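Examination of the molecular architecture
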Amino acid sequence: MTIKACIFDLDGVLTDTAEYHFLAWKALADELGVPFTREDNEQLKGVDRMGSLHFILQKGGLSLSQHKVQQLADKKNVHYRQLIAHMTEADRFDGVTELFEQLRAHDIAIGLASSSKNAQLVLQRIGISEAFDYVADASQIKQGKPAPEIFLTVAEALNVAPAQCVGIEDSLAGLQAIIDAGMVAVGIGDKTVLSQAEKVYAHIGELEVTAILRQL
Ligand code: B16
Ligand code: MG
């Protein structure tokens, strides 16, 4: 099978917003008196805003009104948007520009599958909104990661069969989504955490088009 499309996650794959999500959740958890570690945060990567907040509330044994829960989610998002406000093209991970150029040269379509409702804003800040053939974010998806829907939506929009797509993720939830979509799964991050992936790279800059073409 020839690979015809690469579908990228955003936060933690193309730029370091995963760290900003962590800092914003950590501040909120501290305020609520809920212990929240980087290990806990691994479970939240790729998980949408409400799902992440429910994880923290459950960890703290907190049961709050729907109104209060919405207020906390909004507060986290305001903080997160403050953290990303200063981002520029320099925050794009090393190697992203070159990889996209290589993919274009080999006629491989480029898609984005992000759980973040802030995805368009982040893409603008790091100067790559125009680089994608198709962008899907949380606002158009019924079932978030680990459900395969978002990756399948992008593949369909690109008119490429799932088996001819490579999906690239830093999160456990996202990897599961790629695998269940029937795509080739690439992990970005820690090998021991992302052991389900076909191949894991510490940084996106290590991923080369030659490896993609031979299905890694
Ligand atoms: P927002 P990705 C995900 O983006 C993040 O990994 C996750 O930590 C975050 O909670 C989620 O987006 C929702 O983000 O609050 O901005 O809508 O990794 O799928 O690009
Ligand atoms: Mg991510």
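Here's a quick rundown of the structure. (Residues numbered from 1 in each chain as written. Chains lettered and ligands numbered in written order. Predicted model: local features only at pLDDT ≥ 70, side-chain atom pairs only at ≥ 80, totals over all residues. Heavy atoms only, no water.)

Considering the site of ligand 1
- Lining the immediate environment of ligand 1, one finds 17 residues, of which Asp11, Arg49, Ser115, Ser116 and Asn118 sit closest.
- Contact between ligand 1 and Lys145: an oxygen atom at 2.8 Å from a side-chain N or O atom of the residue.
- Protein chains shield 98% of the accessible area of ligand 1, which is 470 Å² for the free molecule.
- Across the shell around ligand 1, the residue classes tally to three nonpolar, seven polar and seven charged.
- A domain split of the shell around ligand 1 shows at least three residues from each of domain 1 (5-15 + 92-215) and domain 2 (18-84). (Near = heavy atom within 4 Å. Polar contact = N/O pair within 3.5 Å; in protein donor to acceptor, adjacent residues only side chain to side chain. Areas by Shrake-Rupley, 256 points an atom, 1.4 Å probe, with all protein chains shown as cover. Nonpolar A, V, L, I, M, F, W, Y, C, P; charged D, E, K, R; others polar. Domains from an automatic or database assignment.)

Observations concerning the pattern of salt bridges
- This model, assessed by the stated rule, comprises nine salt bridges.
- Residues Asp30 and Lys26 are paired through a salt bridge, measuring 3.2 Å at the closest nitrogen-oxygen approach. You can see Asp30 and its partner Lys26 sitting in helix α1 (residues 17-32), four residues apart, about one turn around the helix.
- We classify Asp30 as partly exposed; its relative accessible area is 46%. (Salt bridge = Lys/Arg side-chain N within 4 Å of Asp/Glu carboxyl O. Helix = DSSP H or I, 4+ residues; strand = E, 2+ residues; numbered from the N terminus. Buried < 20%, exposed > 50% of the residue type's maximum accessible area, 1.4 Å probe, protein only.)

Comments concerning helix α7 (residues 149-158)
- Among the residues of α7, those classed as buried are Ile150, Phe151, Val154, Ala155 and Leu158. An end-on view of α7 places all buried positions within 135 degrees of arc, on one side of the element.
- In this fold, the buried residues of α7 make contact with β1 (5-8), β2 (109-113), β3 (134-136), β4 (165-169) and α8 (172-180). (Arc of directions from axis to C-beta. Contact = heavy atoms within 4.5 Å.)

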